[in-house]
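# Understanding the architecture of this molecule
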Amino acid sequence: MMTNEAIQEDEPSDHFSVFSSQVSKIKYSYNKVREVKSYRVGELFSAYRDILWDDGRHKYNVSSFIGEIDEILLGERFSAFDQSTLDNLIGTLRQRGNSNATINRKMAALSKLLRKAHKMGDIHSLPEFRRQKERAGRIRFLERDEEARLFAAIKSRSEDAYRLSVFLVDTGCRLGEALGLIWNDIQEHRVSFWITKSGRSRTIPMTERVKEVIKLPPTEGRRPKGPFTKLSQAQFRAIWNDAKAEIGLGADDQVVPHILRHTCASRLVQGGIDIRRVQMWLGHQTLSMTMRYAHLATNDLDGCVTVLETPRGGAAGGAESSVFSSPLTTPSASPSEHKAEPAAAKAPRKSSKAK
């Protein structure tokens, strides 16, 4: 048993520090305790949609995706989104006839939402999102005669819609990018797109007919903010659908305004423009998106036919005549040819002495 003197002689600060550190640990642990709540997918979307997505058509599509997902999950509340829930969700979407490309778009929206909720502490675990393998589908683009007939039908309905159609097919920009243009975005022979899907601005030169269609006819009243601000997406699509039905393309569900972007890309590739420049022109974030059009560059393979049709061992079939020959693949001269060179070189010296 310790005497009072011993207690007094001992350092009281040591005992207090131990006790104080224990209390602080208890307080620290207590402060970390949080109430576990559960949420529906729809509730998370309502909380974070304006933070994660800008207003526009893409946000509208995402809202539709999340609404369908919430309906499939039967409005279930969760504090952790496990892998089995995700797998069952993907299986249900596939049973409903969704392609892998559509499933990927819907899962991208869900993944973005859940990652935000996880970061904010609303849910405490995330599943692994694996991208579904997509099949490369046929790319539909307009032939020249189709463009002429379609644009004529559009022009008969609206001069503004016709001007916009020409602008879209020659610039390859998205409909929203064109409608959002203001006059300051157009400088001399170039046009700049600042509000883009990828978030990256780009500037491209204009064709002669684009320079013509961005000129507004003289009208009374105040000048609009941009060359196409008189139109909305809904108005243009309505005019487009009426015009394509008139020329017999009403049943072709691929003939939508976005086909003008495909048409521009296809013409660039078929005209010999390399894929990297096409990517820059279209503003694709990754080269893989532009590679969908690479198969149209058929002229790059014409030299292969020459090689395959040349008979083996023929005079014209030597490696030196190949369109693909190079210093690394061309055979070196035979030893006899190397020996003949010095003799040929000595002949001029002998003839000079004779003179």
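Not measured: the values here are computed from a predicted model. (Residues numbered from 1 in each chain as written. Predicted model: local features only at pLDDT ≥ 70, side-chain atom pairs only at ≥ 80, totals over all residues. Heavy atoms only, no water.)

### What to know about the nonpolar core
Keep this limit in mind: Buried residues of nine kinds, namely Ala, Val, Leu, Ile, Met, Phe, Trp, Tyr and Cys, make up a nonpolar core once their side-chain atoms join them within 4.5 Å. Summary of the burial criterion: residues with accessible area below 20% of their type's maximum are buried, those above 50% are exposed, and those between are partly exposed, where the area comes from a 1.4 Å probe applied to protein chains only. A run of DSSP states H or I qualifies as a helix once it reaches four residues; a run of E qualifies as a strand once it reaches two. Both are numbered from the N-terminal end. The contact definition used throughout considers only heavy atoms, calling two residues in contact when any of these lie within 4.5 Å.
Grouped together as the largest cluster of nonpolar side chains are 48 residues, with contacts concentrated most on Leu164 and Phe167. Broken down by secondary-structure element, the contributors of at least two residues to this core are helix 7 (144-157), helix 8 (159-171), helix 9 (175-179), strand 2 (190-193), helix 10 (208-213), helix 11 (233-246), helix 12 (259-270) and helix 13 (275-282). With sequence-adjacent residues up to four places away left out, leucine 164 is seen in contact with Leu175, Ala178, Leu179, Phe228, Leu231 and Phe236. One finds Phe65, Phe78, Phe81 and Ile90 within the second-largest nonpolar core, a separate group that totals 26 residues.

### Some details on helix 7
Selection rule: Between the first and last residue of a helix there are one fewer steps than residues, each counted as 1.5 Å, and that sum is the expected span. Each C-beta atom gives one direction from the helix axis, and the arc is the one those directions make.
Relative to the 20 Å expected for 14 residues at 1.5 Å per residue, helix 7 spans 20 Å between its end C-alpha atoms, a close match to the ideal helical length. Looking only at helix 7, the buried set comprises Glu146, Glu147, Leu150, Phe151, Ala153 and Ile154. Taken around the axis of helix 7, the buried residues stretch over an arc of 160°, which confines them to a single face. Summarising the geometry of helix 7, the exposed residues directed more than 90 degrees from the buried face are Arg144 and Ser156. Taken together, the buried residues of helix 7 touch helix 8, helix 10, helix 11 and helix 12.

### Some remarks on the side chain of arginine 140
Rules: Any pair of nitrogen or oxygen atoms within 3.5 Å is treated as a polar contact; in protein, a donor-acceptor pairing is required on top of that, and neighbouring residues in sequence qualify only through side-chain atoms on both sides.
Topologically, arginine 140 is positioned in the loop between helix 6 (100-119) and helix 7. By relative accessible area, which is 18% here, arginine 140 ends up buried. Engagement of the side chain of arginine 140 in a polar contact is seen with the side chain of glutamate 146, the distance being 3.0 Å. What arginine 140 contacts, discounting residues up to four positions off in sequence, is Glu146, Leu249, Asp252, Gln254, Val255, Ile259 and His262.

### Focus: the sheet that holds strand 3 (residues 202-205)
Put simply, the rule reads: Any two strands are treated as partners once DSSP identifies two or more bridges connecting them.
Sheet architecture is open: 3 strands sit in the order 1-2-3, paired in antiparallel fashion. Strands at the two margins of the open sheet, each flanked by one partner only, are strand 1 (186-187) and strand 3. The pairing of strand 2 with strand 3 spans 4 bridges and is classified as antiparallel. Across the sheet, arginine 190 pairs through a bridge with proline 205, a residue of strand 3.

### Quick look at helix 5 (residues 83-95)
Here helix 5 spans 18 Å end to end across 13 residues, near enough to the 18 Å set by a 1.5 Å rise per residue. Regarding helix 5, the residues found buried are Leu86, Leu89, Ile90 and Leu93. Mapping the buried residues of helix 5 onto a view down its axis gives an arc of 95°, with all of them on the same face. Exposed positions of helix 5 whose direction lies more than 90 degrees from the buried face are Asn88 and Gln95. One or two steps after helix 5, the chain reaches glycine 97, where phi turns positive at roughly 95°.

### Considerations on the state of the cysteines
Applicable threshold: The definition used for a disulfide is geometric: two cysteine sulfur atoms within 2.5 Å.
According to the stated counting rule, one finds 0 disulfides in the structure shown. Here cysteine 173 is not disulfide-linked; the sulfur of cysteine 264 is the nearest cysteine sulfur, at 8.8 Å. Residue cysteine 173 is classed as buried on the basis of its relative accessible area, which comes to 3%.

### Re unusual backbone geometry
Positioned with a positive phi, leucine 74 is a non-glycine residue whose angle comes to about 60°. Its location among the elements puts leucine 74 in the loop between helix 4 (57-72) and helix 5. A residue is classified by how much of its surface remains accessible, and leucine 74, at 78% relative accessible area, is exposed. Notably, glutamate 188 is not glycine yet its phi reads approximately 55°, a positive angle. Along the polypeptide, glutamate 188 turns up in the loop between strand 1 and strand 2.

### Let's talk about the side chain of lysine 59
In this fold, lysine 59 is placed in helix 4. The class for lysine 59 is buried, based on a relative accessible area of 11%. Within polar-contact distance, the side chain of lysine 59 engages the side chain of aspartate 50 at 2.4 Å. Once residues lying within four places of it in the same chain are set aside, the contact partners of lysine 59 are Arg49, Asp50, Trp53 and Asp54.

### A look at the pattern of salt bridges
Note on pairing: side chains with opposite charge can pair once their charged atoms come close. Defined as follows: The working definition used for a salt bridge is a side-chain nitrogen of Lys or Arg within 4 Å of a carboxyl oxygen of Asp or Glu.
For the coordinates displayed, the defined rule picks out 20 salt bridges. A salt bridge links arginine 40 to aspartate 70; the shortest N-O distance between them is 2.8 Å. One end of the pair, arginine 40, is in the loop between helix 2 (12-31) and helix 3 (41-52); the other, aspartate 70, is in helix 4, with 30 residues separating them in the sequence. Three or more residues are tied together by salt bridges with common partners; here these are Glu68, Glu71, Arg96 and Lys106.

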